[in-house]
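Close look at the chain arrangement
Single-letter residue listing:
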Amino acid sequence: MTELLQKKKFGTAPVFFTAISTILGAIMFLRFGFAVGNVGFLGTIAIILIGHAVTLPTAMAIAEIATNQKVEGGGEYYIISRSFGLVIGPAIGIALYLSQAISVAFYIMAFAEAFTSLFDFLISRFNMPSWLVWLLLQKQTIGIPALLGLTYIMLTKGANLGVKTLYIVVVILGISLVAFFLGTTDYNKKVGFSPATTISDPYSTPQENLGNTAVFGSDSTDNENQINHNQTRQGSKNTSGDSSPLIPVGFFTVFAIIFPAFTGMTAGVGLSGDLENPGRSIPLGTLSGTIAGMIVYIFLAYKLASSASPHELADTSRLVMSDIAWQGWWIIPLGLAAATISSALGSIMVAPRTLQAIAKDQIFPTPKANQWISKGKGESEEPFNASIITIVIAAVFILAGALDSVAQIISMFFMVTYGSLCLISFFNHFAADPSYRPKFRSRWPISLFGAIACFGLMFFMNPGYAILSIILMVLLYLIIAWFNQDKKSMAVIFQGVIFQFSRQMQVFLQKADKEKTESWRPSAIAFSASTFERLGAFDLLRWISQKYGFGTYIHQIEGYLSRETNAVAKTSKERLIKMAELTESKIYVDTLVSPSYTSSIAQVIQLPGIAGTENNLLLFEFSKNNPSGLKNIIDNFKLIKSVDFDVLVLGTSERAFGLKKQIHIWLTPNDYQNANLMILLAYIIIGHKEWKGAEIKLFAVYPKDSLEKERTRLFHLIEMGQLPISSNNVNLIARDPDKKVESVITEKSKDSDLIILGFHLDLIKHEGEEVFQKYRNVGNVLFVNAADSIEIK
């Protein structure tokens with residue numbers, strides 16, 4: 001009854017009565033005695049407290065969320081989908097819809113129970129054929145016609161049944177409860193209250209009848225009617241052939257059956273748009289309804305435990321509350337009928353609207369399906385087609401007829417929904433979004449506890465159902481994500497949580513006393529103005545950052561910051577993000593608008609590391625065929641080295657990285673400081689899946705006259721573990737004095753996919769750009785300069 005369309009603005013009463021009439025519903029009449037009989041008074045109190053450990057945080061969460069925004073069509077689905085996004089939200093929303101649709105079946109079957117006493121009376125008084133007796137004992141005999149009747153009411157009257165119906169139901173419920181608490185039994189007089197007695201106790205024996213007597217206003221005729229009623233019910237049970245002894249049921253199984261009794265506190269949320277002061281009415285009405293329901297259930301548990309034996313309470317073939325209540329043979333069935341039909345009416349109004357809202361979000365695979373399901377009738381767009389689907393689902397479960405199994409399934413879906421609502425409240429607290437300003441605030445520990453309790457209790461109640469529910473949710477998510485590629489954006493709430501978590505971690509890492517590490521891990525920044533012409537630096541950075549390191553890619557846009565350059569920067573960043581997504585890379589990308597290369601470098605080298613670690617590696621690139629950008633790198637090398645970063649300069653060719661199967665590392669007598677960095681980079685690169693099966697070869701080229709001396713030095717460093725490579729992979733090359741090193745490298749590595757060379761500042765001072773332009777006839781060359789020798793432990 002959450003979608004009541006009234007012109008008049010309401011106060012708190014409709015919210016309270018909507019919640020309490022749903023909480024004190026079918027389960028209270030049909031299965032609460034079953035709970036007391038199986039787990040005893042103390043066990044039932046534990047179930048009430050555990051159940052409300054879920055429902056109270058959820059009530060506070062829903063009150064908080066609903067006072068921050070108007071809850072539109074779909075109620076709880078609207079909140080979840082607008083918080084978690086249009087992929088995760090609908091996956092939970094479909095589970096929510098199924099729980100609402102199945103609830104229709106549950107309440108209809110419970111409604112059919114209200115006719116049990118009438119049918120028992122007819123069977124006992126009239127000689128009926130066996131097929132008619134069998135038909136009257138089936139819940140579907142009343143269930144299917146009742147469903148069709150509700151369908152007619154819904155499709156013709158819609159949601160305009162209004163709050164007046166709600167007040168009538170609450171009055172009947174109140175009369176039923178008063179009659180129940182006024183009633184008394186012989187068991188109460190002879191045995192009395194025993195808090196721990198259950199059907200498992202050997203001294204707990206079943207009774208033929210409760211010997212009901214009224215506290216006041218009763219006469220012998222009333223008592224005789226009650227006794228005849230009990231005997232009639234027992235006779236109908238024997239007629240059906242059910243004479244098996246009662247088997248005790250486990251605590252959490254009972255909890256799963258009873259838990260829907262405590263739900264319903266969210267029923268009044270859909271009224272938020274029709275309330276005069278929702279900031280006051282929703283929290284007050286929702287929480288007071290939840291707490292009032294909890295208090296009533298505690299007193300009910302005491303009354304049941306003190307009025308009937310555990311066997312009588314646990315016997316689901318009898319309506320034990322009617323056996324106890326004053327004039328219970330007609331008042332309690334009337335209360336059951338009123339409670340169940342109102343709950344069924346509420347569910348049959350809410351469920352189609354949830355389905356309609358999902359279809360309006362274009363979640364289902366085909367546009368025709370979304371259009372047909374979301375199609376409304378009349379000015380108020382009553383969900384006619386969605387109602388038909390809901391009725392079909394309800395009919396299937398009514399025909400199945402297993403009331404307890406249906407209750408357990410509903411409990412699972414409720415847990416998923418309530419856990420989601422608590423998570424939304426928790427995430428909103430953590431995300432600290434300035435636009436999230438609810439008039440009522442819960443507390444984040446309460447919301448977090450509620451979420452954990454929901455998901456934990458699923459497995460305690462029924463691990464099989466819990467696993468099936470999770471599998472269903474995952475399948476729904478995958479299917480929705482597959483058919484809705486355009487909706488796979490990260491929800492604002494998750495962005496806020498991640499931003500806050502990242503901020504907290506960055507601040508923590510900055511303030512923490514960090515142990516000085518002797519191992520080297522790349523935290524690299526790649527900088528280029530030619531990103532979209534040459535992908536070499538982008539590819540190299542993502543290979544370095546995939547597993548072992550961290551990477552930031554900066555695309556330079558030359559010019560002064562203006563509206564035009566800012567627009568170019570945004571467009572370029574979107575292209576970079578798309579590139580990162582398509583290559584499944586783990587690098588952070590951004591753009592930088594600056595009038596000169598020098599000012600850009602000055603800003604880049606001061607950037608903080610994205611992972612909380614300081615940056616230690618700078619990567620530049622140039623084209624060997626068009627080395628126009630190389631001069632900028634050379635001219636700013638002194639500035640670059642002012643921060644003691646390791647520097648990589650990638651010279652790209654038309655061959656690019658070739659087949660990605662060979663990396664050649666070249667050492668010279670002056671490269672021992674660079675050697676470890678060169679070798680580590682090679683190992684990091686071939687660790688990427690795109691270099692799978694690649695091999696590393698190390699070439700050491702020395703003048704002929706010093707070859708033996710350098711061999712001894714090199715192998716000693718390998719044996720001491722200072723060079724992380726096997727001596728078997730080292731190729732020593734003796735160079736003739738009249739042959740240049742670059743000629744040897746070009747000859748030996750012309751088919752290599754990547755050549756790694758070392759370079760020094762002194763060499764740049766003397767030779768300038770020529771240091772990097774000597775290797776035009778080979779593939780990509782990575783020039784490495786280590787700020788300091790890296791020790792390998």
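As the structure is a prediction and not an experimental result, all values here were calculated from the model.

**A look at the overall build of the protein chain**
For the protein chain, the helix and strand inventory stands at 32 helices and twelve strands. Within the protein chain, the fraction of its 793 residues that count as buried is 55%. Intrachain contacts of the protein chain at a sequence separation of at least 6 include 84% that bridge at least 24 residues. Surface accessibility of the protein chain: about 35,400 Å² in total, with carbon and sulfur atoms responsible for 59%.

**Considerations on the sheet that holds strand 9 (residues 695–703)**
Read across the sheet, ten strands follow the order 5-4-3-6-7-12-11-8-9-10 without closing on themselves; strand pairing throughout is mixed. Each having just a single partner strand, strand 5 (587–594) and strand 10 (730–735) make up the two edges of the open sheet. Taking each pair of neighbouring strands and ignoring which way they run, the sheet shows an average axis angle of 25°. Across four bridges, the pairing between strand 11 (residues 754–758) and strand 12 (residues 781–785) is parallel.

**Thoughts on the side chain of Ser21**
By the secondary structure assignment, Ser21 is in helix 1 (residues 13–23). Judged by its relative accessible area of 2%, Ser21 is buried. A distance of 2.9 Å separates the side chain of Ser21 from the backbone oxygen of Phe17, its partner in a polar contact.

**Notes on the confidence of the model for the protein chain**
Confidence in the prediction for the protein chain averages 80 pLDDT; 85% of positions are at 70 or higher. Scored below 50 in pLDDT, residues 1–8 shows 33 contacts in the model against residues more than four places distant or in partner chains. In the model, residues 212–243 has pLDDT below 50 throughout and makes 55 contacts with residues more than four positions away in sequence or in other chains.

**Description of the packing of aromatic side chains**
This model, assessed by the stated rule, comprises 29 aromatic pairs. Ring plane angle 65° and centroid distance 5.4 Å describe the contact between Phe16 and Phe17, whose orientation is recorded as edge-to-face. When its relative accessible area of 23% is taken as the criterion, Phe16 is described as partly exposed. The interplanar angle of 75° and the centroid separation of 4.8 Å between the aromatic rings of Trp543 and Phe657 together place this pair among those described as edge-to-face. Highlighted residues: Trp543 in helix 23 (residues 536–545) and Phe657 in the loop between strand 7 (646–652) and strand 8 (662–667), separated in sequence by 114 residues. Across this residue pair, the class does not change: Trp543 and Phe657 are buried.

**Observations concerning the environment of Asp404**
If you trace the backbone, Asp404 turns up in helix 19 (residues 403–431). Judged by its relative accessible area of 24%, Asp404 falls in the partly exposed class. The sequence separation of Asp404 and Phe106 amounts to 298 residues, and the corresponding C-alpha distance is 9.1 Å. With near-sequence residues (within four places) excluded, Asp404 lies in contact with Arg31 and Ile257.

**What about the pattern of salt bridges?**
For the structure on display, the rule yields nine salt bridges. Here Arg542 ties to Asp539 by a salt bridge, and the two come within 2.9 Å at their closest N and O atoms. Here Arg542 pairs with Asp539, and both are found in helix 23, just three residues apart, close to one helical turn. Because the salt bridges share partners, they merge into one network encompassing Asp539, Arg542 and Glu690.

What counts, and where the lines are drawn
Residues numbered from 1 in each chain as written. Predicted model: local features only at pLDDT ≥ 70, side-chain atom pairs only at ≥ 80, totals over all residues. Heavy atoms only, no water. Helix = DSSP H or I, 4+ residues; strand = E, 2+ residues; numbered from the N terminus. Buried < 20%, exposed > 50% of the residue type's maximum accessible area, 1.4 Å probe, protein only. Contact = heavy atoms within 4.5 Å. Areas by Shrake-Rupley, 256 points an atom, 1.4 Å probe, with all protein chains shown as cover. Pairing = 2+ DSSP bridges. Axes fitted to C-alpha atoms, helices over the stretch in contact; angles between N-to-C directions. Polar contact = N/O pair within 3.5 Å; in protein donor to acceptor, adjacent residues only side chain to side chain. pLDDT = per-residue confidence, 0-100. Phe/Tyr/Trp six-rings, centres within 6.5 Å; stacked < 30°, edge-to-face > 60°. Salt bridge = Lys/Arg side-chain N within 4 Å of Asp/Glu carboxyl O.

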